[in-house]
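The lines below spell out each chain.
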Protein chains: 2
Amino acid sequence: MKICIIGGGGLVGQKLATELAARGTLKGQTIDTLVLADVVDPAPIAADFTVERVTCDITDTASVAKLVDADTDVIYLLAAIVSGQAEEEFELGYDINMFGIRNVLERVRALGHKPTVVFTSSIAVFGGDVPDPITDNSYLNPQTSYGAQKAMGELLINDYSRKGFIDGRAFRLPTISVRPGKPNRAASGFMSSIFREPLQGQEAVCPVGRDFPHYYLSPRKCIENLIKGAEVKAEDIGQNRAMTMPGRTWTIGQMIDAMTAVTGPQAETLIKFEEQPAVWDIVKGWRFDIHADKALSLGLEADESFEDNIRHFIADDKAAL
Amino acid sequence: MKICIIGGGGLVGQKLATELAARGTLKGQTIDTLVLADVVDPAPIAADFTVERVTCDITDTASVAKLVDADTDVIYLLAAIVSGQAEEEFELGYDINMFGIRNVLERVRALGHKPTVVFTSSIAVFGGDVPDPITDNSYLNPQTSYGAQKAMGELLINDYSRKGFIDGRAFRLPTISVRPGKPNRAASGFMSSIFREPLQGQEAVCPVGRDFPHYYLSPRKCIENLIKGAEVKAEDIGQNRAMTMPGRTWTIGQMIDAMTAVTGPQAETLIKFEEQPAVWDIVKGWRFDIHADKALSLGLEADESFEDNIRHFIADDKAAL
């Protein structure tokens, strides 16, 4: 079993690699080789199998050709320009999030060996005047370039799967919280930083009100779901390979209360509420009454509570910082 | 008023140009110049304004740059590789139907003058396990590469409109019947040829049964709707620029009966029913319980009856053949 994680240097890629190293198997097969590919050299992962770390540019077909060969059984296609950056750098967003994805799929089509491809889409594909609730049969109406590019990625995954070039699966990730590490340029960044920073004694800014609702998943559950997402049988998925990954909807206030319930009242005092119009312009169009029936029926899971998300952060990430 | 029709050599492009020549105006302004662009030299159109005929390759950015300049007020983006051909020639379909569309939009973005762009999508964006009825809020679940590419085109039109680069409008065309001229490589070709050929005393093959239902529009109504589609105000359309063009659902049997009602029983005897698996594999996934409420509310129209479609063909096209 050879696996390639494109975007292997990012939060999800690194956690996925760590979990694969702990398991040693995927789809019932022993992992021999894991290729971690990213635009900058991915951090090393300790594992009993071979871990290759590769720098790549997925907009360059020659660079993509070096990542994936006919022995690659599973490809995780996680690489993306995040929402805030894709909004500011219009061309770069399309180059990576649409043409880059297509380059990987074209490489696979040329090889002809039909690997499993797990693509991370986003709930940013939803938005605008589409009636609630948002289901897997709702019109994809993205309100950002990032969301549009992810919706195009889903269409590619479905079309390449239908044609038999890949065994594709596309999961619309909820906003991941609590994310460890540095802030990135995602407009959703504050949805982690208002917990991450206070839990480490630092101030953080919340640019929306306490009643702002959104759809979340912990990093730990996201990784579990990505592994299940590769393992679920194609015949159980059916024709449409794109679906929303299970999450839960909470308001900022509910999440702060959960943090307080787990860690006491001190952390909350470090959150400063300040409006940020550039962030608001993006997040105001996001949807939150989202249902993930198909993924739930396939065995993927949401967190039980945001208290769990806080506990997972403390157990998995805070100690390592 | 300068207009560019990309795909100006095709059936819709030629009829649209002819109608624009008859009207002399669009959006209340006198037409000065009409650029007819296509991959082969478009047929000339008699008009009181300047008609430029240009051969172009929309996969080539230099070729696109020659078509569109800062004086181009309205662009009709009709060019496409049709469904049957896009299914057989996978790369060509994406090159024209996705990358070609993007090249035109990128040219416009670079010019910075925000023209009106009218894009012809297709009801082939619908399909699969999406519950009836199909509305403008239904999940786009194409079952062909052509449909996937058209869905991506809609996403591009919406994103470029949202960013203020274009004033875009995307209309999902019903199957156009009765089409004049030679058969093309669209899987829907028989839906015209079983009327067109018998009405001219020739045999035609119907590869599906009499009870096969589908969603149709006459060429005449399609052209009227494309003109209205450019003229409707952006503020009346709202955020989502993509919608289904009004059509009507009929079975093959109902359409044959309509032909008989208009022209007598002779034509029907020339239709031979013969299964064609390659055609069936494509059309079986198409949806027909389709509603176009948004476009209807904006003043676009369907035909009153298929008898009208037959009469339009006889009046507009049969005499000219």
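Preceding this paragraph is the structure being described.
Quick summary incoming for the structure in this document. Here the structure is a predicted model, which means the values were calculated and not measured.

1. A short note on the overall build of chain A
Scanning chain A from terminus to terminus reveals 12 helices and 14 strands. The C-alpha radius of gyration of chain A comes to 19 Å, within 12% of the 20 Å expected for a compact globule of 321 residues. Taking the principal axes of its C-alpha atoms as reference, chain A extends roughly 55 × 45 × 35 Å. Considering chain A as a whole, with its 321 residues, one finds that 59% of them fall into the buried category. Counting only contacts in chain A whose residues sit at least 6 apart along the sequence, the fraction spanning at least 24 positions is 76%. Approximately 12000 Å² of chain A is accessible, and the part contributed by carbon and sulfur atoms is 47%. A gap of 4 Å separates the mean positions of the 32 positive and 44 negative side-chain charges of chain A.

2. A short note on the side chain of Gln143 of chain B
The residue Gln143 of chain B is located in the loop between β7 (116-122) and α5 (145-162) in this model. Within the structure, the side chain of Gln143 of chain B is placed 3.3 Å from the side chain of Gln239 of chain A, a separation counted as a polar contact. Once residues lying within four places of it in the same chain are set aside, the contact partners of Gln143 of chain B are Arg162 and Gln239 of chain A together with Ala124, Gly127, Gly128 and Gly285 of chain B.

3. Let's talk about the interface of chain A and chain B
Across the contact, 39 residues belong to chain A and 39 residues belong to chain B. Contact between chain A and chain B buries roughly 3200 Å² in total, counting both sides, with carbon and sulfur atoms accounting for 53%. Among the residues of chain A in contact with chain B, Phe90, Tyr139 and Leu155 of chain A are the three that bury the most area, contributing 22% of the side total. Linking chain A with chain B are six salt bridges, by the criterion used here. The salt bridge partner of Glu87 of chain A is Arg162 of chain B, with a shortest N-O separation of 2.7 Å. With 11 residues, the single largest contributor to the side of chain A that touches chain B is helix α5 (residues 145-162) of chain A.

4. Concerning empty space enclosed by the protein
This model, assessed by the stated rule, comprises three cavities of 30 Å³ or more. By volume, the largest cavity amounts to about 220 Å³. Lining the largest cavity are 21 residues, with Leu140 and Leu155 of chain A together with Leu140, Pro142 and Ala151 of chain B positioned closest to its centre. Those elements giving two or more residues to the lining of the largest cavity turn out to be α5 of chain A together with α5 of chain B. Looking at the lining of the largest cavity, the element that brings in the most residues is α5 of chain A, giving six residues.

5. Quick word on the sheet that holds strand β1 (residues 2-6) of chain A
Residues and elements named next belong to chain A. The sheet built from seven strands is open, its strands ordered β5-β4-β1-β6-β7-β8-β12 with parallel pairing. At either end of the open sheet lies a strand with only one pairing partner, and these are β5 (50-55) and β12 (242-244). Between one strand and the next, the sheet's axes are offset by a mean angle of 15 degrees, whatever the strand orientation. Sheet analysis places β1 next to strand β4 (residues 33-38), joined by five bridges and oriented parallel. The residue bridging Ile3 from the neighbouring strand is Leu34, located in β4. This element, helix α1 (residues 11-23), spans β1, β4 and β6 (74-77) of the sheet and lies at about 160 degrees to β1. Along the sheet, helix α4 (residues 90-111) makes contact with β1, β6 and β7 (116-122), crossing β6 at roughly 170 degrees.

6. Comments concerning helix α12 (residues 306-318) of chain B
Residue and element names in this part refer to chain B. Here α12 has its buried residues at Phe306, Asn309, Ile310, His312, Phe313 and Asp317. Projected down its long axis, α12 shows its buried positions confined to an angular sector of 160 degrees, all on one face. Tucked into the core, α12 has its buried residues touching α1 (11-23), α6 (190-196), β11 (213-217), α7 (219-231), β13 (248-251) and α9 (252-263). Two or three places before Glu307, at the opening of α12, Ser305 has a side-chain oxygen 3.4 Å from that residue's backbone nitrogen.

7. Considerations on helix α4 (residues 90-111) of chain B
Residue and element names in this part refer to chain B. Taking 1.5 Å of rise per residue, the 22 residues of α4 would be expected to cover 32 Å, and the 31 Å separating its terminal C-alpha atoms lies within 8% of that figure. Helix geometry: α4 is bent most strongly at Phe99, by close to 35 degrees. Count one or two residues on from α4 and you reach Gly112, which has phi positive near 80 degrees.

8. Comments concerning the relation of the copies chain A and chain B
For the match of chain A to chain B, the screw axis carries a shift of 0.0 Å, the RMSD comes to 0.0 Å, and the turn is 180 degrees. These values place the two chain copies in the arrangement generated by a two-fold rotation axis. In terms of C-alpha distance to the rotation axis, chain A has Tyr139 of chain A as its closest residue, with the C-alpha 2.1 Å off the axis. In this assembly the copies share their binding face: 100% of the residues contributing to the interface of chain A also contribute to that of chain B.

9. Quick notes on the packing of aromatic side chains
Taken as a whole and assessed by the stated rule, the structure comprises 21 aromatic pairs over all chains. Taken together, a centroid distance of 5.0 Å and an interplanar angle of 85 degrees make the contact between Phe90 of chain A and Tyr160 of chain B edge-to-face. A residue pair is termed interchain when its members come from two chains, as with Phe90 of chain A in helix α4 and Tyr160 of chain B in helix α5. Accessibility expressed as a relative area gives 5% for Phe90 of chain A, which makes it buried.

10. Quick word on unusual backbone geometry
All names here are of chain A. Note the cis peptide between Ser177 and Val178, where omega equals 10 degrees. Here Val178 lies in the loop between β9 (175-176) and α6 (190-196). If you check the backbone angles, Lys27 has positive phi at about 55 degrees while not being a glycine. With respect to the secondary-structure elements, Lys27 resides in the loop between β2 (25-26) and β3 (29-30).

11. A word on the pattern of salt bridges
If the charged atoms of two oppositely charged side chains come close together, the side chains can form a pair. Residue and element names in this part refer to chain B. By the definition in use, this model includes 47 salt bridges over all chains. When the shortest N-O distance is used, the salt bridge between Arg53 and Asp41 registers 3.4 Å. Of the two residues, Arg53 sits in strand β5 (residues 50-55) while Asp41 sits in the loop between β4 (33-38) and β5, which places them 12 residues apart along the sequence. Residue class for Arg53 comes out partly exposed when judged on its relative accessible area of 38%. Taking the shortest distance from any N to any O, the salt bridge between Asp132 and Arg287 comes out at 2.8 Å.

12. Comments concerning the packing of helix α9 (residues 252-263) of chain A against helix α12 (residues 306-318) of chain A
All names here are of chain A. Look at α9 against α12: their axes get within 8 Å of each other, and the N-to-C directions meet at 55 degrees. Taken together, the axes of α9 and α12 are oblique relative to one another. The chirality of how α9 crosses α12 is right-handed. In contact with Met255, Ala258, Met259, Ala261, Val262 and Thr263 of α9, α12 contributes Phe306, Glu307, Ile310, Arg311 and Ile314. Of the residues that constitute the contact of α9 with α12, the class distribution is eight nonpolar, one polar and two charged.

Reading the values: rules and limits
- Residues numbered from 1 in each chain as written.
- Chains lettered and ligands numbered in written order.
- Predicted model: local features only at pLDDT ≥ 70, side-chain atom pairs only at ≥ 80, totals over all residues.
- Heavy atoms only, no water.
- Helix = DSSP H or I, 4+ residues; strand = E, 2+ residues; numbered from the N terminus.
- Rg over C-alpha atoms; globule rule 2.2 N^0.38 Å.
- Buried < 20%, exposed > 50% of the residue type's maximum accessible area, 1.4 Å probe, protein only.
- Contact = heavy atoms within 4.5 Å.
- Areas by Shrake-Rupley, 256 points an atom, 1.4 Å probe, with all protein chains shown as cover.
- Lys, Arg positive; Asp, Glu negative; His and termini not counted.
- Charge placed at Lys NZ, Arg CZ, Asp CG, Glu CD.
- Polar contact = N/O pair within 3.5 Å; in protein donor to acceptor, adjacent residues only side chain to side chain.
- Buried area = accessible area lost by both parts, 1.4 Å probe.
- Salt bridge = Lys/Arg side-chain N within 4 Å of Asp/Glu carboxyl O.
- 1 Å grid on protein atoms, 1.4 Å probe; cavity = no way out; pocket = protein on both sides within 12 Å on 5 of 7 lines; lining within 4 Å.
- Points joined across faces, edges and corners; volume = space filled by probe spheres on them.
- Pairing = 2+ DSSP bridges.
- Axes fitted to C-alpha atoms, helices over the stretch in contact; angles between N-to-C directions.
- Arc of directions from axis to C-beta.
- Expected span 1.5 Å × (residues − 1).
- Bend = angle between axes of the 7 residues up to and from the residue.
- Least-squares fit on C-alpha atoms with pLDDT ≥ 70 in both.
- Phe/Tyr/Trp six-rings, centres within 6.5 Å; stacked < 30°, edge-to-face > 60°.
- Parallel < 35°, antiparallel > 145°, perpendicular 65-115°, else oblique.
- Left-handed = near helix turned anticlockwise from the far one by under 90°.
- Nonpolar A, V, L, I, M, F, W, Y, C, P; charged D, E, K, R; others polar.

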